[in-house]
Amino acid sequence: MFRNEDWLSIVLGSVVLGVGLVATWSARSADVDERVAQYDELTAELDALETRGGEATTIDRVKAEREALRSSLAKNPLKPYLAKIGSWESDPRTALVDKSGRSLLPGLAGVFAVSLVLFGLGVGAMGQSVRGFVAPFTFVFLLAVVAYVLAGQKVVKHYNLEYALWALLVGLILSNTLGTPAWMRPALRTEFYIKTGLVLLGAEILFNRLLALGVPGIGVSWVVTPIVLIGTYIFGQRVLRIESRSLNMVICADMSVCGVSAAIATAAACRAKKEELSLAIGLSLAFTVVMMIVMPAAIEAMGMNQVLAGAWIGGTIDSTGAVAAAGGILGETALA
């Protein structure tokens, strides 16, 4: 069973979650129960202030105290050894330095080492050569770093041109000029990487977020989204007559859920071809960039209420980052 890619993805994702949980649990402070009680007290105080309309400065102070306390409850001791590429404006080298001026390269090396060990174990479990996997995986990892650096540029980030777009462009340029080298093929395991990532992505959805949304939020998530997904799929099959069912499904999931992430997840689930995933992501990003700019202008021209405008943007634009950017153009109420 564990030679199967699907099962291996679940196992490897669970290992990462387990290690993170144990590390964080072991690093919790000795007075954690007392701190949790203080956190609950601050939450109750904040609720009371907001209910009776307390002063903004007092509310901000209590929020800051609660946030500081929350972040002190538990910290993952592994975090200093792992790093994510930052943003930059005119010099891409600044993406590899954090706000304090410390180099992110050791942290990136940590991410590379963990990824290599994780997927190397998977490749070995599937009965294939781990030694032949190391060099090509290193090259694929470097290409991913390049895509993240390109996506981190300030202007590019503002227009929400995500890393997936740059990864596609880099891949298209390489495959249509130099071609895909044979020595790289052992590391070209797109679905394996995506499926393992999906296990981790699913673990981010915590029940407290669902409870915070309340009944209307759950209604939007669990009623509206499936209706849009199924409705657009039927439209694609019967009206547009899209030949490939998997391509239709990937595009529908992309536009009805959350853009690139949903497209990648759905492509893995319905075994879509790589070319179909690339097409769906390209369509999504092209429309997202246009809608992010045009929709706020159209809303202002119509004089639409900001609450309704925020809901319309949130339910229509296909990317979470672009939704926030478009809402921010209209104002704090629409953004919220």
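Above: the structure in question.
None of the values given here were measured: they were computed from a predicted structure.

A.B. asks: An account of the overall build of the chain is needed here, citing residue identities and associated values.
C.D. replies: Counting its secondary structure elements, the chain contains 15 helices and zero strands. Put simply, the chain has 336 residues, and 32% of those count as buried. For the chain, long-range pairs separated by at least 24 residues make up 62% of all intrachain contacts whose partners lie at least 6 apart in sequence. Approximately 20600 Å² of the chain is accessible, and the part contributed by carbon and sulfur atoms is 66%. Charge-centre separation for the chain: the mean point of 27 positive side chains lies 10 Å from the mean point of 27 negative side chains.

A.B. asks: Tell me what's going on with the packing of helix 8 (residues 190-203) against helix 11 (residues 260-269), and back it up with residues and numbers.
C.D. replies: Remark: helix 8 packs on helix 11, axes separated minimally by 10 Å, with the N-to-C direction vectors making an angle of 115°. The crossing of helix 8 and helix 11 is left-handed. Residues Ile194, Lys195 and Leu198 of helix 8 lie in contact with helix 11, whose contacting residues are Ile264, Ala265 and Ala268. Taken together, the residues that form the contact of helix 8 with helix 11 break down as five nonpolar, no polar and one charged.

A.B. asks: Which residues make up the environment of Gly310, and what are the values?
C.D. replies: You can see Gly310 is positioned in helix 13 (residues 306-316). Overall, Gly310 belongs to the buried group, its relative accessible area being 19%. The spatial distance from the C-alpha of Gly310 to the C-alpha of Gly327 is 6.0 Å, given a sequence separation of 17 residues.

A.B. asks: A description of the packing of aromatic side chains should follow, citing residues and the corresponding values.
C.D. replies: Under the criterion given, the structure shown has nine aromatic pairs. Aromatic side chains Tyr148 and Tyr163 sit 4.7 Å apart centroid to centroid with 5° between the ring planes, which places their arrangement in the stacked category. One end of the pair, Tyr148, is in helix 5 (residues 131-151); the other, Tyr163, is in helix 7 (residues 163-177), and 15 residues separate them in sequence. An aromatic cluster is defined as three or more aromatic residues linked by ring pairs; in this entry it consists of Phe112, Phe119, Phe133, Phe137, Phe141, Phe192 and Tyr193.

A.B. asks: Break down helix 11 for me, citing the residues and quoting the values.
C.D. replies: Since the α-helix advances by 3.6 residues per turn, residues separated by three or four positions end up pointing in the same direction. The element helix 11 is largely enclosed, with a buried count of seven among its ten residues. By the burial criterion, the buried members of helix 11 are Val260, Ala262, Ala263, Ile264, Thr266, Ala267 and Ala268. For helix 11, the secondary structure elements touched by its buried residues are helix 7, helix 8, helix 10 (245-256) and helix 12 (274-302). Backbone geometry just after helix 11 places Arg271 at a positive phi near 55°.

A.B. asks: Any details on unusual backbone geometry? Residues and values, ideally.
C.D. replies: The phi angle at Arg241 is positive, at roughly 55°, despite the residue not being glycine. Secondary-structure assignment places Arg241 in the loop between helix 9 (207-238) and helix 10. A positive phi angle, close to 55°, is found at Arg271, a residue other than glycine. In this fold, Arg271 is placed in the loop between helix 11 and helix 12.

What counts as what
- Residues numbered from 1 in each chain as written.
- Predicted model: local features only at pLDDT ≥ 70, side-chain atom pairs only at ≥ 80, totals over all residues.
- Heavy atoms only, no water.
- Helix = DSSP H or I, 4+ residues; strand = E, 2+ residues; numbered from the N terminus.
- Buried < 20%, exposed > 50% of the residue type's maximum accessible area, 1.4 Å probe, protein only.
- Contact = heavy atoms within 4.5 Å.
- Areas by Shrake-Rupley, 256 points an atom, 1.4 Å probe, with all protein chains shown as cover.
- Lys, Arg positive; Asp, Glu negative; His and termini not counted.
- Charge placed at Lys NZ, Arg CZ, Asp CG, Glu CD.
- Axes fitted to C-alpha atoms, helices over the stretch in contact; angles between N-to-C directions.
- Left-handed = near helix turned anticlockwise from the far one by under 90°.
- Nonpolar A, V, L, I, M, F, W, Y, C, P; charged D, E, K, R; others polar.
- Phe/Tyr/Trp six-rings, centres within 6.5 Å; stacked < 30°, edge-to-face > 60°.

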